[in-house]
Amino acid sequence: MKFNGLMKCAAVAASIVSVVTVFADNGQKLNISEYLSLADDGVIYPSEKQKEMLRPFMPEKTYQPAPPISDRAFWNQIATKESAQKIHEKAVADIDKEPEVPISDAIYRRANKEGNRGIYKPRYYRTMEVLERAVIAECIENEGRFIPQINEHLTAIMEMKSWLHPNHDDGQNSVLEGKRVAIDLGARKFGSVLMLADVLLQDRLTDEMQNKIRSQVEWRITDSYLRSCRGEDRKGNTWIRSTSNWNSVCTGGTLFSSLTASEDPEVRLSIMGCALNSMKYYLSGFGADGYCSEGIGYWNYGFGNYLYLAQTIFDYTNGGIDLFRFNDPEKMERVGNFPVNFEIQNDIYPCFADGGSRFSADSDNYAYILSAKNYGARKPTYSRPADITMQLQEWADPVSYVDPDVADVVLPNHTYFDDFGIVISRGQQDVPFSIAIKGGHNNENHNHMDVGSYVMVLGDDHIMCGDLGAPPYQAGAFSDKHPMRSSWGHPVPRVDGTLQSKGEEFRGEVLETEFTESRDRVVVDIKPAYEVPTLESLIRTMVNDKTGKGTITITDEFSASKPIEFGTAIMTHGDYKIVNSKTVMFMRDGRKIKVEISAEGGSFEIKDEEVKAKAIRYADEAFRIGIDFKKKLKRGSITMVFTPQS
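Residues numbered from 1 in each chain as written. Predicted model: local features only at pLDDT ≥ 70, side-chain atom pairs only at ≥ 80, totals over all residues. Heavy atoms only, no water.

### Concerning unusual backbone geometry
Okay, step 1: In this model, Val101 is joined to Pro102 through a cis peptide bond whose omega is 0°.
Okay, step 2: In this fold, Pro102 is placed in the loop between helix 5 (82–93) and helix 6 (105–114).
Okay, step 3: A positive phi is found at Asn346, a non-glycine position, where the angle reads about 50°.
Okay, step 4: Tracing the sequence through the fold places Asn346 in the loop between helix 15 (338–342) and helix 16 (366–375).
Okay, step 5: Classification of Asn346 as partly exposed rests on a relative accessible area of 35%. (Helix = DSSP H or I, 4+ residues; strand = E, 2+ residues; numbered from the N terminus. Buried < 20%, exposed > 50% of the residue type's maximum accessible area, 1.4 Å probe, protein only.)

Spelled out as structure tokens, the structure:
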């Protein structure tokens with residue numbers, strides 16, 4: 001017998017018996033490949049054959065993520081843990097805080113119109129965090145002093161007209177207006193927090209409060225989800241077929257809320273079936289090579305929530321349904337090991353698309369912990385789950401979360417994600433000089449028009465030039481014409497006045513690779529990224545010579561059926577100086593790179609421009625250093641040689 005979500009708390013085993021899910025553990029596991037093959041074509045809602053496959057694995061009772069407050073043996077033991085004490089201390093400090101929701105209709109509408117997250121998002125999440133901590137603190141103390149604050153926060157959340165982030169409502173604010181219901185990243189969290197209070201506090205809440213909570217979750221989460229999965233609501237919850245982090249995050253929260261709230265076994269069965277069918281789409285967004293086009297931060301967030309979903313289902317079904325392996329264990333292992341393969345050097349990652357260049361595995365690191373446990377990935381030096389519901393799993397399995405003795409990882413000379421056409425070429429110098437370069441396509445998750453983009457890193461923590469990363473999320477930030485999202489704002493060519501087009505067909509193809517100890521060479525055909533009828537060929541070649549201090553060379557070579565305008569660019573957040581007509585110097589925190597530029601076919605000029613955007617995420621400013629032929633040409637090439645300076 002195993003208790004859902006808390007299988008390894010041997011010290012409190014006796015108290016767990018009363019809430020154990022009772023069904024036979026015969027060692028069988030759901031054949032997920034067969035299950036997926038029985039789906040109705042294009043339908044998320046499980047077919048009758050799929051339901052019959054699931055039925056033997058489904059418990060009779062609802063999901064109980066941890067023993068309730070009445071189990072004093074369990075909660076007295078949890079109270080001794082440092083992590084629980086920190087939650088309790090923060091809850092005590094915040095015990096007089098009032099809920100910051102509902103926000104006014106005026107603020108909601110303004111946030112919807114402007115895309116302004118700052119005027120609502122902190123209020124949403126502070127309210128939820130105060131409630132979560134108060135629930136855990138009350139379970140630890142069992143004295144009733146947090147109950148008034150808990151009731152106040154529960155009531156405030158249920159009085160919200162919309163649980164959505166305002167910028168996720170439509171232009172008519174139809175969720176706010178009560179014309180429809182939908183689930184987003186915020187709504188799934190509100191539902192989870194309400195049900196956490198319900199299942200842990202139980203009779204410490206009044207029957208009326210518990211009934212209200214379950215009614216709200218059924219209306220705003222479970223029913224909305226099932227309608228979308230059945231195809232009855234095609235406008236809302238379109239993330240059920242998404243390959244982005246939205247799918248795993250929203251599905252995980254929906255599953256938690258519904259499995260804990262619904263007393264109807266058929267509803268829980270349907271929710272489980274929908275989740276499995278939906279995850280087929282989410283996982284298809286990763287390359288067969290394990291590549292995550294959303295970048296390192298969204299890997300941690302999206303895949304972390306997938307692993308939370310997998311752990312919840314594994315615990316609830318007593319190991320009968322294993323999403324850690326899903327239908328492709330080898331691919332899942334590669335996805336779990338994505339961070340170490342994607343790292344350029346010194347915890348710096350390519351900031352392609354909306355991915356950040358920095359993410360510390362020693363902060364919000366649930367994905368790293370579960371990947372270490374299930375896929376043999378590198379453990380973080382410090383283990384801390386992302387939120388309270390994940391913290392419950394840490395308390396269940398303390399062995400997997402013990403701070404390990406972490407050996408230094410020696411990164412390989414290169415990594416080649418051949419499915420997506422991404423190469424990380426790592427310098428081996430005392431001051432390593434490295435580059436990440438991409439082929440990819442222009443319909444990736446959090447897409448930028450960035451086929452051929454690169455990130456160049458010198459030393460410990462210096463991105464010297466290359467991709468600028470994501471713009472801040474505000475009104476207009478997701479427009480294809482945003483200067484940091486279009487190819488104008490990337491270190492790639494502009495062809496006859498034309499930028500790269502959007503769509504999966506607009507891509508780069510890696511034609512050649514050569515990897516040795518001292519030299520890496522990558523040749524990428526980036527012509528397909530441009531809709532220029534007269535363009536016959538466009539090849540970008542990167543050579544990383546790792547001898548001495550290192551030299552990285554990038555050459556763009558083109559040909560056309562008639563003379564065209566052609567130029568390329570270097571992007572930077574740092575300081576730079578145009579030294580002369582053929583040389584540019586980049587400086588950052590004492591590091592310097594000299595770029596010597598040459599061309600074949602004609603003469604060129606260098607022109608720098610500021611990237612004019614409402615805000616820049618990773619610096620105060622950004623610049624585009626354009627390198628353009630002075631006259632139209634039928635063929636030509638531009639070569640940029642990057643060399644570190646003493």
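### So, the sheet that holds strand 10 (residues 519–525)
Okay, step 1: Pairing within the open sheet is antiparallel, and its eight strands lie in the order 9-10-11-12-19-16-15-14. Here the strands that pair on one side only, and so sit at the sheet edges, are strand 9 (509–515) and strand 14 (575–580). Neighbour-to-neighbour, the strand axes of this sheet turn through a mean angle of 15°, independent of strand direction.
Okay, step 2: Inspection of the sheet shows strand 16 (residues 591–600) paired to strand 19 (residues 633–645) by nine bridges, in the antiparallel sense. Within the sheet, the bridge partner assigned to Glu596 lies in strand 19 and is Val641. (Pairing = 2+ DSSP bridges. Axes fitted to C-alpha atoms, helices over the stretch in contact; angles between N-to-C directions.)

### Some words on the sheet that holds strand 17 (residues 604–610)
Okay, step 1: Overall, antiparallel pairing links the four strands, which are arranged 7-13-18-17 in an open sheet. Whereas interior strands pair on both sides, the edge strands pair on one side only; in this sheet they are strand 7 (494–495) and strand 17.
Okay, step 2: Across two bridges, strand 7 lies against strand 13 (residues 566–572) in antiparallel orientation. Within strand 13, the position partnered with Val495 by the bridge is Phe566.

### Description of the pattern of salt bridges
Okay, step 1: Taken as a whole, this structure holds 32 salt bridges when the rule is applied.
Okay, step 2: Residue Glu48 pairs with Lys51 through a salt bridge whose shortest N-O separation is 4.0 Å. Linking Glu48 with Lys51, this pair stays in helix 3 (residues 48–54), spanning three residues, or about one helical turn.
Okay, step 3: A residue is classified by how much of its surface remains accessible, and Glu48, at 54% relative accessible area, is exposed.
Okay, step 4: Among the ionic pairs, Lys438 bridges to Glu444, the shortest N-O distance being 3.5 Å. Neither Lys438 nor Glu444 differs from the other in exposure class; each is buried.
Okay, step 5: A single salt-bridge network, built from bridges that share partners, covers Lys90, Asp94, Lys97 and Arg133. (Salt bridge = Lys/Arg side-chain N within 4 Å of Asp/Glu carboxyl O.)

### A word on a negative patch on the surface
Okay, step 1: A cluster of acidic residues, Asp460, Asp461, Asp575, Asp589, Glu610, Asp620 and Glu621, forms a negative patch at the surface.
Okay, step 2: By the secondary structure assignment, Asp620 is in the loop between strand 17 and strand 18 (623–629).
Okay, step 3: Given a relative accessible area of 80%, Asp620 falls into the exposed group. (Patch = residues over 30% accessible without salt bridge, like charges linked within 9 Å, V, L, I, M, F, W, Y side chains within 5 Å. Areas by Shrake-Rupley, 256 points an atom, 1.4 Å probe, with all protein chains shown as cover. Lys, Arg positive; Asp, Glu negative; His and termini not counted. Charge placed at Lys NZ, Arg CZ, Asp CG, Glu CD.)

### Considerations on the side chain of Asn237
Okay, step 1: In this fold, Asn237 is placed in the loop between helix 10 (207–230) and helix 11 (245–261).
Okay, step 2: Reaching out from Asn237, the side chain makes a polar contact with the side chain of Ser228 at a distance of 2.9 Å.
Okay, step 3: Apart from the residues lying within four places of it in its own chain, the contact partners of Asn237 are Ala182, Ile183, Ser224, Tyr225 and Ser228. (Polar contact = N/O pair within 3.5 Å; in protein donor to acceptor, adjacent residues only side chain to side chain. Contact = heavy atoms within 4.5 Å.)

### Re the environment of Ile344
Okay, step 1: Relative to the assigned elements, Ile344 resides in the loop between helix 15 and helix 16.
Okay, step 2: For the pair Ile344 and Ile95, spaced 249 residues apart in sequence, the C-alpha to C-alpha distance is 44 Å.
Okay, step 3: Those residues in contact with Ile344, other than ones at most four positions away along the chain, are Tyr349, Pro350, Leu411, Ile424, Arg426, Ser434, Ala436, Val455 and Val457.

### Things to note about the packing of helix 7 (residues 121–141) against helix 8 (residues 147–158)
Each packed pair of helices is defined by two parameters, the angle between the axes and the distance between the axes.
Okay, step 1: Contact pair helix 7 / helix 8: the axes reach a minimum separation of 9 Å and the direction vectors enclose 145°. Of the two possible hands of crossing, helix 7 and helix 8 adopt the one that is left-handed. Between helix 7 and helix 8, the contacting residues are Thr127, Val130, Leu131, Ala134, Val135 and Glu138 on the first element and Ile147, Gln149, Ile150, His153, Leu154 and Ile157 on the second.
Okay, step 2: Among the residues making up the contact of helix 7 with helix 8, the classes are represented as eight nonpolar, three polar and one charged. (Left-handed = near helix turned anticlockwise from the far one by under 90°. Nonpolar A, V, L, I, M, F, W, Y, C, P; charged D, E, K, R; others polar.)

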